[in-house]
Amino acid sequence: KWLVLYFYPKDDTPGCTCQANEFTALLQAFRDLNADVVGISADPPEHHRIFTKKYDLSLTLLSDPEHRVMEQYGAWTKTLFGTRNYGRVTRSTFVIDPKGIVRYHCPEVIPLGHAERIRQKLSALQQGK
């Protein structure tokens, strides 16, 4: 299967809720393209359960509290502010083919309409475009 892997900052915030709702609304269209959709944030699993229930989300949300996966994908950014080092999630999306090869990376995401843009990109990739 193909995989749409998206990283997002925090459950139940406006942009993240928009993304999750849009991916849920298009989940069958992704499945029709032989793709799973997985979202990852640093939120704990209990927050994901509350978020999923509140918005009736049907996609998979994973927890990465130590930012290990985020760091591997470059979705965790460390920023020096004065003398303190802060980290944050970079909202980004990857389309990965059935062989595990990243075929597309969207490093800057505007949540509104993002799921549809990724669906279109996945379809184009599958057609060799």
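Above this text is the structure in question.
Reference entry: report on the structure contained in this document. Since this is a predicted model, take the numbers as computed values, not measurements.

## A short note on the sheet that holds strand β3 (residues 60–63)
Here is step 1: Read from one edge of the open sheet, 5 strands run β3-β2-β1-β6-β7, paired in mixed fashion. If you trace the sheet from one side to the other, it starts and ends with β3 and β7 (102–106), each paired once. Sheet twist, expressed as the average angle between the axes of neighbouring strands with direction ignored, equals 20°.
Here is step 2: The sheet contacts of helix α1 (residues 14–25) involve β1 (2–7), β2 (35–41) and β6 (92–96), and relative to β1 the element is tilted by about 165°.

## Regarding the pairing of strand β5 (residues 84–89)
Here is step 1: By the bridge criterion, 6 bridges tie strand β4 (residues 76–81) to β5 in an arrangement that is antiparallel. Of the residues in β5, the one forming a bridge with T79 is Y86.
Here is step 2: The turn linking β4 back onto β5 is made up of 2 residues, and G82 within it adopts a positive phi angle of 70°.

## Comments concerning the pattern of salt bridges
Here is step 1: If you walk through the whole model with that rule in mind, you get 7 salt bridges.
Here is step 2: Between K1 and D36 there is a salt bridge, and its shortest N-O distance comes to 3.4 Å. Of this pair, K1 sits in the segment before β1 while D36 sits in strand β2; the two residues are 35 residues apart in sequence, bridging distant segments of the chain.
Here is step 3: The closest approach of N and O atoms between R49 and E46, which form a salt bridge, is 3.0 Å. Taken together, the residues R49 and E46, both in helix α3 (residues 45–55) and 3 residues apart, mark about one turn of the helix.

## With respect to the packing of aromatic side chains
Here is step 1: Summed over all chains, the structure comprises 7 aromatic pairs.
Here is step 2: Judged by centre distance (4.7 Å) and plane angle (25°), the ring pair of Y6 and F23 falls under stacked. With Y6 in strand β1 and F23 in helix α1, this pair connects stretches of sequence that are 17 residues apart.
Here is step 3: On the basis of relative accessibility, which here comes to 0%, the residue Y6 falls in the buried class.
Here is step 4: Each ring, one from F51 and one from Y55, has its centre 5.5 Å from the other, and the planes form 70°; the classification is edge-to-face. Here Y55 and F51 lie together in helix α3, a separation of 4 residues that amounts to about one turn.

About the criteria used
Residues numbered from 1 in each chain as written. Predicted model: local features only at pLDDT ≥ 70, side-chain atom pairs only at ≥ 80, totals over all residues. Heavy atoms only, no water. Pairing = 2+ DSSP bridges. Helix = DSSP H or I, 4+ residues; strand = E, 2+ residues; numbered from the N terminus. Axes fitted to C-alpha atoms, helices over the stretch in contact; angles between N-to-C directions. Contact = heavy atoms within 4.5 Å. Salt bridge = Lys/Arg side-chain N within 4 Å of Asp/Glu carboxyl O. Phe/Tyr/Trp six-rings, centres within 6.5 Å; stacked < 30°, edge-to-face > 60°. Buried < 20%, exposed > 50% of the residue type's maximum accessible area, 1.4 Å probe, protein only.

These values are about where atoms sit, not about what they do.
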